[in-house]
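Summary of structural features
This is what each chain is made of:
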Amino acid sequence: MLVLAHISDLRPDGTGRATERARRVRDRLWGLPVPPDALLVTGDIADHGAEAEYEEAARPLGLRDGDAPFPVLTCPGNHDSRAPYRKALLGRPAADGPVNSAHVLDGGAVLRCDSSVPGRDEGELDAETCAWIESTLDGLDDGLPVLLAFHHPPVPLHHPLPDSSPFPAPERLAALLARRPEVAGLITGHAHTPAATTFAGRPVLVGPGVTWTLRLPWEGEQVADRDAPVGLAFHVLDDEGRLASHFRVVM
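Residues numbered from 1 in each chain as written. Predicted model: local features only at pLDDT ≥ 70, side-chain atom pairs only at ≥ 80, totals over all residues. Heavy atoms only, no water.

**Section: the side chain of arginine 86**
Applicable threshold: Counting from the N terminus, the helices are the DSSP runs of H or I reaching at least four residues and the strands are the DSSP runs of E reaching at least two. Think of it in three bands: with a 1.4 Å probe and only protein chains considered, a residue is buried below 20% of the maximum accessible area for its type, exposed above 50%, and partly exposed in between. The charge count treats Lys and Arg as positive and Asp and Glu as negative. His and the chain ends do not count. What counts as a salt bridge is simple: a side-chain nitrogen of Lys or Arg found within 4 Å of a carboxyl oxygen of Asp or Glu. Counted as a polar contact is a pair of N or O atoms within 3.5 Å, where, for protein atoms, one must be capable of donating a hydrogen and the other of accepting one, and residues adjacent in sequence contribute only when both atoms are in side chains.
Among the secondary structure elements, arginine 86 is positioned in helix α3 (residues 82-89). No salt bridge is formed by the buried arginine 86. Its closest oppositely charged neighbour is aspartate 114, at 6.1 Å. From its side chain, arginine 86 meets the backbone oxygen of alanine 95 in a polar contact 2.9 Å long.

Written as structure tokens, this is what we have:
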């Protein structure tokens, strides 16, 4: 059984507010009696893609002091910038290509895919990233369940803000999934609201945003609820490849 903690959309802006909210999540996760197998952060780790924002976000994520009791797995979003992301967050040479990486854990693998499109809000898994997904899956053990993690949900969520930047070519991802039954689910962020839906016969789990929570159309005219508690998800992938999710608030 694989247990993933999941957060998204930290977006520190230098005011300290978003970082303080990230520290609340850190305190909850670091204090758990039994740690999860990994923490997954699905994009928008920065607000404007600046190196200083990644340095600010890295501290509560345990990426600077190395004190996290589990691996911390990240992928970029539309507010991120690939070269500063690589340099300031991951400590790697700056480069502008897609930031894709895989992590194998006991009970499953997590493929972190770059759905960002530089200079644009909408997301996609481009041909290069889809080819990387297929070649990576080919190299994994047969029967190992896999989760694909990326920033942009590939389906509408029935709010005009996240739905204003849809996947331009969802059929490419749908065709990939049709060929790859080992993919048990898709883990995303971007929408700033915990949500669950499906795409191409797979569950899609959308993580809550750390910095603020999206108000749905029937909840009021104000889009961003900055006073809502911080959200946190736990995704459980069992030995039969079944995915279950639990959502928590962090006061």
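Now, onward.
**Quick word on the pattern of salt bridges**
Evaluation of the coordinates by the stated rule reveals 15 salt bridges. The partner of arginine 172 in a salt bridge is glutamate 124, with the nearest N and O atoms 3.0 Å apart. With arginine 172 in helix α5 (residues 170-179) and glutamate 124 in the loop between β5 (108-112) and α4 (127-138), this residue pair connects regions lying 48 residues apart in the sequence. Using a relative accessible area of 30% as the deciding quantity, one classes arginine 172 as partly exposed. With its nearest N and O atoms 3.0 Å apart, the salt bridge here joins aspartate 138 to arginine 180. In this pair, aspartate 138 is assigned in helix α4 and arginine 180 in the loop between α5 and β7 (183-188), connecting sequence segments 42 residues apart.

**Digging into the packing of aromatic side chains**
Inclusion rule: Think of it this way: a Phe, Tyr or Trp ring, Trp meaning its six-membered ring, pairs with another when their centres are within 6.5 Å, and the plane angle makes it stacked under 30 degrees, edge-to-face over 60, tilted otherwise.
The tally for this structure, following the rule as stated, stands at three aromatic pairs. Relative to phenylalanine 70, the ring of tryptophan 30 lies with its centre 5.2 Å away and its plane at 80°, an arrangement referred to as edge-to-face. Here the residue tryptophan 30 occupies a position in helix α1 (residues 17-30), and phenylalanine 70 occupies one in the loop between α2 (51-58) and β3 (72-75), the gap between them amounting to 40 residues. Accessibility expressed as a relative area gives 6% for phenylalanine 70, which makes it buried. Arranged with centres 6.0 Å apart and planes meeting at 45°, the rings of phenylalanine 150 and phenylalanine 167 form a pair that is tilted. Of this pair, phenylalanine 150 sits in the loop between β6 (146-149) and α5 while phenylalanine 167 sits in the loop between β6 and α5, and the two are 17 residues apart along the sequence. Given a relative accessible area of 7%, phenylalanine 167 falls into the buried group.

**Overview of the environment of valine 223**
What counts here: Residue contacts follow a heavy-atom distance rule, with two residues in contact if any of their heavy atoms lie within 4.5 Å.
With respect to the helices and strands, the residue valine 223 is situated in the loop between β10 (213-214) and β11 (224-225). Along the primary structure valine 223 and proline 84 are separated by 139 residues, whereas in three dimensions their C-alpha atoms are 29 Å apart. Not counting chain neighbours up to four residues away, the residues in contact with valine 223 comprise His159, Leu161, Trp212, Thr213, Leu214 and Arg215.

**As for the packing of α2 against α3**
Spelled out, the test is: Only the stretch in contact is used when fitting a helix axis, every axis being a line fitted to C-alpha atoms; angles between N-to-C directions are given from 0 to 180 degrees. We call two directions roughly parallel when the angle between them is under 35 degrees, roughly antiparallel when it is over 145, roughly perpendicular when it lies between 65 and 115, and oblique otherwise. Here a crossing is called left-handed whenever its near helix is offset anticlockwise from the far helix by less than a right angle, and right-handed whenever the offset is clockwise. Only Asp, Glu, Lys and Arg are considered charged, only Ala, Val, Leu, Ile, Met, Phe, Trp, Tyr, Cys and Pro nonpolar, and every remaining residue, Gly among them, polar.
Running from N to C, α2 and α3 cross one another at 40°; their axes reach a closest spacing of 9 Å. One way to sum up the angle between α2 and α3 is to call them oblique. Regarding α2 and α3, the two cross each other, and that crossing is right-handed. For the pair α2 and α3, contact is made by Glu51, Tyr54, Glu55 and Ala58 and by Pro84, Tyr85, Lys87, Ala88 and Leu89, respectively. Across the contact of α2 with α3, the residue classes tally to six nonpolar, no polar and three charged.

**Things to note about the sheet that holds β3**
Two orientations exist for strands paired in a sheet by backbone hydrogen bonds: parallel and antiparallel. Which entries qualify depends on this criterion: At least two DSSP bridges between two strands are needed for those strands to be called paired.
With mixed pairing, the five strands of this open sheet are ordered in space as β3-β2-β1-β12-β13. The sheet is open, and its two borders are formed by β3 and β13 (243-250), each paired with just one other strand. Within the sheet, the average angular offset between the axes of one strand and its neighbour, ignoring direction, is 25°. Note that strand β2 (residues 38-42) and β3 share four bridges and pair parallel. Bridging across to β3, valine 41 finds its partner in threonine 74. α1 contacts β1 (2-7), β2, β12 (230-237) and β13 of the sheet and is inclined by roughly 40° relative to β12.

**A word on the pairing of strand β4 (residues 101-105)**
Where β4 meets β5, five bridges bridge the pair, whose relative direction is antiparallel. Looking at the pairing, alanine 102 lines up with leucine 111 of β5. As consecutive antiparallel partners, β4 and β5 are separated by two residues, and within that stretch glycine 107 has a phi angle of approximately 100°, a positive value.

**Side note on the side chain of asparagine 100**
Examined against the element boundaries, asparagine 100 turns out to sit in the loop between α3 and β4. Classification of asparagine 100 as buried rests on a relative accessible area of 19%. Among the polar contacts listed, one links the side chain of asparagine 100 to the side chain of threonine 129, at a separation of 3.2 Å. Not counting chain neighbours up to four residues away, the residues in contact with asparagine 100 comprise Arg112, Cys113, Asp114, Thr129 and Trp132.

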